[in-house]
Amino acid sequence: MKFANQVAIVTGAGRGIGRAIAMRLASEGARIAVVSRTEKNSVQVADEINAKYAGLAKAYAVDAADHAAVQTLCAQIITDFTRVDILVNNAGITRDGLSMRMSPEDWNSVIATNLGGAFNFYQGVARAMMKQRSGRIINIASVAGIMGNAGQANYAASKAGLIAFTKVVARELATRGVTSNAVAPGFISTDMTDVLSQEIKDGVAKQIPMQKFGEPDDIANAVAFLASTEGKYITGQVLTVDGGLVM
Ligand code: NAI
């Protein structure tokens, strides 16, 4: 049980990659704050964890982009669980469109959720982690933040920003026992990529050296590694999990 007595906050844990991360950390003994925008989804995942692993999860709902609400929520989680060891900033959205025609609303909402959301949760837990002189912050970025992607100016900028933010936090907290890393998924089969047409999916798969999409568990495994004591000397890094797409 790698994470016995540890508490993890996983955002966007109501489905997809976040759900897989929550399940994976719980399977190794972590108590989980399952955070989602929609209460129904987080309750469902928390119930699933509690049924499988006996009373280790609690459900919360918040808009990650709302700074004040996230501070209140983090304080509540730290009260409920008495500590926080792992923060996984996974909540994310896409609002795709060509950059010339992209509306300011679509630009702002993606930056506010994907980048602002991570900043908000970071501020909600940083003090507690620094005080206990240990912590793991793992931000779910994207290969789009490394190589860009046509039609995703807002999304790629948010993920590139998230990578830079990860490195700043790594530098600021390195002497406090807190590590900060990013995992950059390539194409993973979830609701987010289900909206792509079969033709686009086939075209993408051809560009991936492994010629297929990954599974949410592929990302959860990388997160579990970085969150464990095995990852204790790793900070400020971006681990791409993408079947070889970026190399
Ligand atoms: P998804 O759309 O299935 O799940 C996203 C989750 O984030 C949902 O539970 C949703 O409720 C939550 N969320 C969205 N906005 C929120 C907000 N304002 N406040 C709180 N929660 C919010 O997406 P998926 O595929 O599981 O993606 C998870 C993360 O992985 C995202 O950050 C995404 O950008 C990233 N990613 C996904 C890839 C893929 O191929 N699926 C590739 C690269 C990165």
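Right, let's walk through the structure included here. (Residues numbered from 1 in each chain as written. Predicted model: local features only at pLDDT ≥ 70, side-chain atom pairs only at ≥ 80, totals over all residues. Heavy atoms only, no water.)

Observations regarding helix 1 (residues 16-27)
Consideration 1: Here helix 1 is 12 residues long and its end C-alpha atoms lie 17 Å apart, about the 16 Å a rise of 1.5 Å per residue gives.
Consideration 2: For helix 1, the set of buried residues is Ile17, Gly18, Ala20, Ile21, Ala22, Met23, Leu25 and Ala26.
Consideration 3: Buried residues belonging to helix 1 abut strand 1 (7-11), strand 2 (31-36), helix 2 (39-53), strand 4 (86-89), strand 5 (135-140) and helix 9 (216-227).
Consideration 4: Downstream of helix 1 by a residue or two, Gly29 has a phi angle that is positive, lying close to 100 degrees. (Helix = DSSP H or I, 4+ residues; strand = E, 2+ residues; numbered from the N terminus. Expected span 1.5 Å × (residues − 1). Buried < 20%, exposed > 50% of the residue type's maximum accessible area, 1.4 Å probe, protein only. Contact = heavy atoms within 4.5 Å.)

Things to note about the packing of aromatic side chains
Consideration 1: By the definition in use, this model includes three aromatic pairs.
Consideration 2: Here Phe119 and Phe165 contribute two aromatic rings whose centre-to-centre distance is 6.3 Å and whose plane-to-plane angle is 70 degrees, an arrangement assigned as edge-to-face. On the criterion of sequence distance, the pair formed by Phe119 in helix 4 (residues 104-132) and Phe165 in helix 6 (residues 153-173) is long-range, its members being 46 residues apart.
Consideration 3: A ring pair is formed by Phe187 and Phe213, whose centres lie 5.5 Å apart and whose planes are at 45 degrees; its orientation type is tilted. Taken together, the positions of Phe187 in the loop between strand 6 (178-185) and helix 7 (191-194) and Phe213 in the loop between helix 8 (198-207) and helix 9 put the pair 26 residues apart, joining distant regions of the chain.
Consideration 4: By relative accessible area, Phe187 is classed as partly exposed at 22%.
Consideration 5: Ring pairing ties together the aromatic residues Phe119, Tyr122 and Phe165, which thus form one cluster. (Phe/Tyr/Trp six-rings, centres within 6.5 Å; stacked < 30°, edge-to-face > 60°.)

Side note on the sheet that holds strand 2
Consideration 1: Reading across from one edge, 3-2-1-4-5-6-7 is the order of the seven strands in this open sheet, with parallel pairing throughout. In this open sheet, the two strands that pair with only one neighbour each are strand 3 (57-61) and strand 7 (238-241). If you compare each strand with its neighbour and ignore which way they point, the axes differ by 15 degrees on average.
Consideration 2: Each of strand 2 and strand 3 touches helix 2; the most contacted strand, strand 3, lies at about 175 degrees to it. (Pairing = 2+ DSSP bridges. Axes fitted to C-alpha atoms, helices over the stretch in contact; angles between N-to-C directions.)

Observations concerning the site of the ligand
Consideration 1: Arg15, Ala64, Asn90, Tyr155 and Thr190 are the nearest of the 28 residues found near the ligand.
Consideration 2: Here a nitrogen atom of the ligand sits 3.5 Å away from a polar atom, N or O, in the main chain of Val62.
Consideration 3: Asp63 is positioned such that a nitrogen or oxygen atom in its side chain is 2.8 Å from a nitrogen atom of the ligand.
Consideration 4: With the chains in place, 96% of the 830 Å² that the ligand exposes on its own is no longer accessible.
Consideration 5: For the shell around the ligand, the secondary-structure elements that each account for two or more residues are helix 1, helix 6 and helix 7.
Consideration 6: Partitioned by chemical class, the residues of the shell around the ligand number 12 nonpolar, 11 polar and five charged. (Near = heavy atom within 4 Å. Polar contact = N/O pair within 3.5 Å; in protein donor to acceptor, adjacent residues only side chain to side chain. Areas by Shrake-Rupley, 256 points an atom, 1.4 Å probe, with all protein chains shown as cover. Nonpolar A, V, L, I, M, F, W, Y, C, P; charged D, E, K, R; others polar.)

What to know about helix 6
Consideration 1: Helix length check: helix 6, at 21 residues, gives a terminal C-alpha distance of 30 Å against a target of 30 Å (1.5 Å per residue), a fit within 8%.
Consideration 2: Of the residues making up helix 6, those classed as buried are Asn154, Tyr155, Ala156, Ser158, Lys159, Leu162, Ile163, Phe165, Thr166, Val169, Ala170 and Leu173.

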